[in-house]
Amino acid sequence: MDHFIYRDGQLHAEDVPLAEIAAEVGTPFYCYSTATLTRHYRLFDEALAGMDHLVCYAMKAASNQAILRTLGDLGAGMDVVSGGEYLRARAAGVPGDRIVFSGVGKTRDEMQTALAGGIRQFNVESEPEMQVLSAVAKDMGKMAPITIRVNPDVDAKTHAKIATGKSENKFGIPISRAREVYALAASLPGLKVIGIDVHIGSQITELEPYRLAYEKVAELTEMLRAEGHEIKRLDLGGGLGIPYERSNEAPPLPTEYGALIKDTLGHLGCEIEIEPGRLVAGNAGIMVSKVIYVKSGEDREFLILDGAMNDLIRPAMYDAHHDIIPVAEPAAGVEQQPYDIVGPVCESGDTFAKQRMMAPLATGDLVAFRSAGAYGAVMSSEYNTRPLIPEVLVHEHQFAVIRPRPTFDEMINRDTIPPWL
Ligand SMILES: *Cc1c(COP(=O)(O)O)cnc(C)c1O
């Protein structure tokens with residue numbers, strides 16, 4: 001559920017007509033709903049009620065500080081995957097003891113940043129990383145709290161680029177080697193082992209892969225405890241999918257996911273962390289774009305928009321579907337027609353949808369890409385010297401630009417010409 005709805009024939013974000021935002025900030029732009037962000041965070045928080053838990057928002061999904069502040073104020077922790085994300089979360093006011101640090105390639109600098117600023121735990125992914133983290137922590141006179149990310153070798157049944165829990169993926173250590181890797185961790189002076197971490201992928205639309213993974217984590221917890229390790233925290237990753245195509249997708253709900261966690265892991269008495277990103281932010285954001293031209297091809301009509309693959313890369317990168325709807329609600333019963341919906345970038349990959357049925361549109365009309373809140377703005381670029389598009393946050397009847405569109409001068413002046421030219 002989200003808060004982008006038609007009212008009086010106009011698509012609104014909460015109580016604000018999107019046409020009004022477009023008139024003020026120009027198109028294209030991203031727009032997020034505070035009410036939807038809040039609702040999604042609370043669904044997870046409530047799904048784990050009765051267990052000691054922390055919902056750590058995976059901020060790589062949408063990392064604007066206004067979003068982080070909104071969630072942080074509700075009590076959310078953050079899952080960060082770089083030193084930059086760590087600093088951004090702190091700048092947004094999230095305390096270090098609510099931040100977990102994930103990722104396969106943490107550098108010494110990033111470890112130092114997090115240890116100096118305060119960190120809930122590192123989710124360590126390899127033996128070499130463990131050695132380095134121990135050395136860095138020891139040099140700083142600190143103990144780094146860690147979980148070790150295990151790779152449970154389950155098929156998350158999602159797009160290959162976002163599956164992370166199969167043995168061929170680069171993530172975590174094979175669960176079959178957990179005993180020796182935990183023994184090594186326990187022997188390193190700068191590390192304090194506190195738990196287990198697992199994250200099997202993204203846009204997961206069935207519970208079964210989670211069940212398989214979490215059953216393995218439960219078994220591993222008991223095995224490691226028997227070996228004398230203190231396993232008090234289980235970080236279960238993120239990955240729950242969202243319905244991108246509303247007409248025919250119904251992924252599991254956070255309540256069902258929470259029940260599965262209780263069922264598979266509740267008896268262990270561990271503190272539970274989860275790291276949802278997409279489900280918190282995905283349907284809390286849309287991208288609004290304007291039709292520049294309607295172009296007739298040989299056998300099809302092209303809708304050429306002012307938004308492009310550099311603004312929203314998911315269709316080009318993951319063959320992702322986004323529902324695209326007109327901002328002005330079409331009259332009831334109007335006949336739809338097929339369009340190829342494209343952006344202005346000089347690549348055929350700059351195609352958002354092929355033969356998409358839409359009510360007729362004309363130059364100047366606005367359209368909204370639904371479910372664009374996660375992995376949208378954060379993956380955008382200035383390819384073709386197109387400015388990063390603004391982000392706007394709505395709260396009831398108010399809205400604010402939370403990242404302005406850069407001017408061409410700002411963009412161009414970032415380059416420097418070397419002295420020999
Ligand atoms: C990307 C990522 C997540 C979030 O995944 P979503 O599909 O956005 O929920 C959580 N944990 C880790 C370690 C990740 O890399």
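The structure this text deals with has already been given above.
First, a word on scope: everything that follows refers to the structure included in this document.

Regarding the overall build of the protein
Helix and strand content of the protein: twelve helices and 21 strands. Over its C-alpha atoms the protein spans a radius of gyration of 23 Å, differing by no more than 12% from the 22 Å that the globule rule assigns to 421 residues. Among the 421 residues that make up the protein, the fraction classed as buried is 54%. Considering only contacts in the protein between residues 6 or more positions apart, those separated by 24 or more positions represent 69%. Computed over 40 positive and 58 negative side-chain charges, the separation of the two mean positions in the protein equals 4 Å.

Quick notes on the pattern of salt bridges
The tally for this structure, following the rule as stated, stands at 21 salt bridges. The partner of Glu215 in a salt bridge is Arg211, and the shortest N-O contact between them spans 3.9 Å. Of this pair, Glu215 and Arg211 both sit in helix H8 (residues 208-226), four residues apart, roughly one helical turn. By relative accessible area, Arg211 is classed as partly exposed at 27%. Ionic pairing is found between Glu382 and Arg414, a salt bridge with its closest N-O pair at 2.8 Å. Residue Glu382 is found in the loop between strand E19 (366-369) and strand E20 (391-395), and its partner Arg414 is found in the segment after helix H12 (408-412); the two are separated by 32 residues along the sequence. Glu382 sits in the partly exposed class, given a relative accessible area of 21%.

Observations concerning the pairing of strand E1 (residues 4-7)
Both E1 and strand E2 (residues 10-13) contribute to a ladder of four bridges, which runs antiparallel. Counted as the bridge partner of Tyr6 is Leu11 from E2.

Some remarks on the site of the ligand
Every one of the 15 residues lining the ligand counts as a neighbour, but Lys60, Ser202, Glu275, Arg278 and Tyr375 are closest to it. With respect to the ligand, the side chain of Asp79 contributes an N or O atom lying 3.3 Å from a nitrogen atom. At a separation of 2.5 Å, an oxygen atom of the ligand approaches a polar side-chain atom of Tyr375.

Some thoughts on the pairing of strand E21 (residues 398-403)
The sheet contact formed by E20 and E21 spans five bridges and is antiparallel. Within the sheet, the bridge partner assigned to Glu391 lies in E21 and is Arg403. Hairpin connection, E20 to E21: the antiparallel pair is bridged by two residues, and Glu396 has positive phi, about 55°.

Here we look at the sheet that holds strand E3 (residues 16-17)
Reading across the sheet, the three strands line up as E1-E2-E3 and stay open at both edges, with antiparallel pairing between neighbours. With partners counted over all chains shown, the strands left at the sheet margins are E1 and E3, one partner each.

A few points about the side chain of Arg149
Positionally, Arg149 belongs in strand E9 (residues 144-151). Judged by relative accessible area, which is 6%, Arg149 ranks as buried. Polar side-chain contacts of Arg149 include one of 3.0 Å to the backbone oxygen of His199. The residues touching Arg149, leaving out its near neighbours within four places in the chain, are Val124, Glu125, Thr164, Phe171, Gly172, Ile173, Asp197 and His199.

What to know about the packing of helix H2 (residues 34-47) against helix H9 (residues 254-265)
What describes two packed helices is the angle between their axes and the distance between those same axes. At a minimum axis distance of 8 Å, the contact between H2 and H9 shows a crossing angle of 25°. Taken together, H2 and H9 sit at an angle that is classed as roughly parallel. For the crossing formed where H2 meets H9, the hand is right-handed. Taken together, the residues of H9 that come into contact with H2 (itself represented by Leu43, Phe44 and Ala47) are Pro254, Thr255, Tyr257, Gly258 and Lys262. When grouped by side-chain class, the residues that make up the contact of H2 with H9 number five nonpolar, two polar and one charged.

A short note on unusual backbone geometry
With glycine set apart, most residues show a phi of negative sign, and most peptide bonds adopt trans. Backbone torsion omega between Thr27 and Pro28 reads -10°, so that peptide bond is classified as cis. Within the secondary structure, Pro28 is located in the loop between helix H1 (18-25) and strand E4 (29-33). A positive phi angle, close to 55°, is found at Asp153, a residue other than glycine. Secondary-structure assignment places Asp153 in the loop between E9 and strand E10 (173-174). One non-glycine residue with positive phi stands out, namely Tyr375, at about 55°. A relative accessible area of 11% means that Tyr375 is categorised as buried.

About the cut-offs
Counting restarts for each chain: residues are numbered from 1 in the order of the written sequence. For a predicted model such as this one, the threshold for reporting local features is a pLDDT of at least 70, and the threshold for listing and counting side-chain atom pairs is 80 or more; totals across whole chains, interfaces and linings nevertheless cover every residue. To get the side-chain values, take all heavy atoms of the structure and skip hydrogens and water. Only DSSP runs of H or I covering at least 4 residues are called helices, and only runs of E covering at least 2 are called strands; the numbering of each starts at the N terminus. Every radius of gyration here is taken over C-alpha atoms, with the globule rule written as 2.2 Å times N^0.38, N being the number of residues. The classification of residues rests on relative accessible area computed with a 1.4 Å probe and restricted to protein chains. Under 20% of the type maximum is buried, over 50% is exposed, and intermediate values are partly exposed. The contact criterion used throughout is that any non-hydrogen atoms of two residues lie within 4.5 Å. His is not counted here, nor are the chain ends, while Lys and Arg score as positive and Asp and Glu score as negative. In plain terms, the charge of a residue is placed at NZ if it is Lys, CZ if Arg, CG if Asp and CD if Glu. A pairing counts as a salt bridge when a side-chain nitrogen of Lys or Arg comes within 4 Å of a carboxyl oxygen of Asp or Glu. Strand pairing follows a simple DSSP-based rule, namely that at least 2 bridges must link the two strands. Being near a molecule or strand, for a residue, means having at least one of its heavy atoms within 4 Å of it. Definition of a polar contact: a pair of N or O atoms within 3.5 Å, with one able to donate and the other able to accept a hydrogen when the atoms are protein atoms, and with sequence-neighbouring residues admitted only if both atoms are side-chain atoms. Here an axis means a line fitted to C-alpha atoms, over the contact stretch when the element is a helix, while the angle between two N-to-C directions is reported on a 0 to 180 degree scale. If an angle is under 35 degrees, it is roughly parallel; if it is over 145, roughly antiparallel; if it lies from 65 to 115, roughly perpendicular; otherwise it is oblique. Note on convention: near helix rotated counterclockwise from far helix by under a right angle means a left-handed crossing. Clockwise means right-handed. Each residue gets one of three labels, nonpolar for Ala, Val, Leu, Ile, Met, Phe, Trp, Tyr, Cys and Pro, charged for Asp, Glu, Lys and Arg, and polar for the others, Gly among them.

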